[in-house]
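Inside the fold
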Amino acid sequence: MIGQDGGVPIPPLRRAPVQRRSAERLGRILDACAELLDETGYEDLSTRAVAERAGVPIGSVYRFFSNKRAMAEALAHRNLDEYAARVTERLAAPAASGADGGGWREAMDVVVDEYLAMKRGAPGFALVEFGMPVPVTATPDQPNHLVADRLRELLGERLGLEESGEAGERVRVAFLLAVEAADALLRLAFRVHPEGDPVIVAETKELLRAYLAGVLD
């Protein structure tokens, strides 16, 4: 199943929704999953509770998902789709094309700010974000790789990024390292303060600018 903007695919569902009614039901299930993650955490999450919250038969949940892990994975991928859409919308706004034509520094600020907005307000995001809330075996598709690749795709044309050869590989690695660093530092910001410590957030942006300048300038 492809994300709403044609990007990262959601893990295969047991049955992909075909009709609008079925797609809406899937959306309600994921909404309920997000709400319950905030209320109970992952360990106490159950497919039955999700079905009750969504107002659907338990069979409807199992029609799409084999277990709660598959449901949480789908929510994580939906979060990434929403995040990509929010970044795209912000960058397309008139305010995003300042005197420098909306350079990469401004784009990176948008990337961080939209993550913070979801962290503070999107249901279930504080626990799931873009990947599973429990340890998994590392793979090339682990969350930060997916985020880095999606951002590079979103910003590639806007920033004139190299896509092939040695220069393209350097950009790919730079985006991955930037995402990994930002992930660790912003997690620290939310450990220090429930809304994200503003000093750590500001320093994170400075660190990203300093590092990426060597690649994107």
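Before reading on, note that the structure itself is shown above.
Residues numbered from 1 in each chain as written. Predicted model: local features only at pLDDT ≥ 70, side-chain atom pairs only at ≥ 80, totals over all residues. Heavy atoms only, no water.

A few points about the packing of helix 5 (residues 104-121) against helix 9 (residues 198-216)
Definition in use: Interaxial angles span 0 to 180 degrees and are taken between N-to-C directions of axes, which are lines fitted to C-alpha atoms, for helices over the stretch in contact. By the criteria applied, helices consist of DSSP H or I runs no shorter than four residues and strands consist of E runs no shorter than two, each listed in order from the N terminus. Put simply, a crossing is left-handed when the front helix is turned counterclockwise from the back one by less than a right angle, and right-handed when it is turned clockwise. Note on contacts: a residue pair qualifies if any of its non-hydrogen atoms lie within 4.5 Å across the two residues. The residue classification treats Ala, Val, Leu, Ile, Met, Phe, Trp, Tyr, Cys and Pro as nonpolar and Asp, Glu, Lys and Arg as charged. All others, Gly included, are polar.
Where helix 5 meets helix 9, the axes come as close as 10 Å, and the angle between the chain directions of the two elements is 140°. Read as a crossing pair, helix 5 and helix 9 show a hand that is right-handed. Together, Trp-104, Arg-105, Met-108, Asp-109, Val-112, Asp-113 and Leu-116 of helix 5 and Val-201, Lys-205, Leu-208, Arg-209, Leu-212, Ala-213 and Leu-216 of helix 9 make up the contact between the two elements. Each residue belonging to the contact of helix 5 with helix 9 can be placed in one class, and the counts come to nine nonpolar, no polar and five charged.

Some points on a nonpolar patch on the surface
To keep it simple, the criterion reads: Grouping into patches uses exposed residues only, defined as over 30% relative accessible area, and leaves out salt-bridged ones; the cut-off is 9 Å for like charges and 5 Å for nonpolar side chains (Val, Leu, Ile, Met, Phe, Trp, Tyr). Calculation of accessible area relied on Shrake-Rupley with a 1.4 Å probe; when residues are assessed, cover is drawn exclusively from the protein chains displayed. Any carboxyl oxygen of Asp or Glu that lies within 4 Å of a side-chain nitrogen of Lys or Arg is treated as forming a salt bridge with it. The cut-offs for exposure are 20% and 50% of the maximum accessible area for each residue type, with area from a 1.4 Å probe on protein chains only; residues under the lower value are buried, those over the upper are exposed, and the others partly exposed.
On the surface, Val-173, Leu-177 and Tyr-211 cluster together into a nonpolar patch covering about 240 Å² of accessible area. A residue is classified by how much of its surface remains accessible, and Tyr-211, at 35% relative accessible area, is partly exposed.

Some remarks on the packing of helix 1 (residues 20-40) against helix 2 (residues 47-54)
In contact at an axis separation of 8 Å, helix 1 and helix 2 are set at 115° when each is read in the N-to-C sense. In this structure, helix 1 meets helix 2 at a crossing whose hand is right-handed. Residues Arg-28, Ile-29, Ala-32, Cys-33, Glu-35, Leu-36 and Glu-39 of helix 1 touch helix 2, and the partners they reach there are Ala-49, Val-50, Arg-53 and Ala-54. Class assignment of the residues belonging to the contact of helix 1 with helix 2 gives a composition of seven nonpolar, no polar and four charged.

Focus: the nonpolar core
Stated precisely, the cut-off is as follows: Take the buried residues of types Ala, Val, Leu, Ile, Met, Phe, Trp, Tyr and Cys, join any two whose side-chain atoms come within 4.5 Å, and each joined set is a nonpolar core.
Counting residues in hydrophobic clusters, the biggest one holds 39 residues, and the most contacted among them are Tyr-83 and Phe-175. Sorting the residues of this core by element identifies helix 4 (68-92), helix 5, helix 7 (143-159), helix 8 (165-192) and helix 9 as the ones contributing at least two each. A total of 10 residues in this core trace back to one element, the largest contributor, which is helix 8. Here Phe-175 is in contact with Met-108, Ala-148, Leu-151, Arg-152, Leu-155, Leu-161 and Leu-216, once residues within four sequence places are set aside. Listed in part, the 25 residues of the second largest apolar core include Ile-29, Leu-30, Phe-64 and Ala-76.

Remarks on the side chain of Thr-47
Here Thr-47 lies in helix 2. The class of Thr-47 is buried, set by a relative accessible area of 11%. Those residues within four positions of Thr-47 in sequence are excluded, and the remaining contacts are Ile-58, Val-61, Tyr-62, Asn-67, Lys-68 and Met-71.

Section: the environment of Arg-53
Relative to the assigned elements, Arg-53 resides in helix 2. In this structure Arg-53 comes out as partly exposed when scored by relative accessible area, which is 36%. A sequence separation of 24 residues divides Arg-53 from Ile-29, and the C-alpha atoms of the two residues are 8.1 Å apart. Beyond its immediate sequence surroundings of up to four residues, Arg-53 is in contact with Ala-32, Glu-35, Leu-36 and Glu-39.

Here's the deal with helix 7
Basically, it comes down to this: Helices are assigned an expected span. That span is 1.5 Å times one less than the residue count. To obtain the bend at a residue, axes are fitted to the seven residues ending there and to the seven starting there, and the angle between these axes is taken.
Taking 1.5 Å as the rise per residue, helix 7 with 17 residues should run 24 Å; its terminal C-alpha atoms sit 23 Å apart, in good agreement. The sharpest bend along helix 7 reaches about 30° and sits at Glu-153. Every buried residue belonging to helix 7 is among Asn-144, Leu-146, Val-147, Ala-148, Arg-150, Leu-151, Leu-155 and Gly-156, and all of these are buried. The elements touched by buried residues of helix 7 are helix 4, helix 5 and helix 8. Downstream of helix 7 by one or two residues, Gly-160 has phi in the positive range, about 65°.

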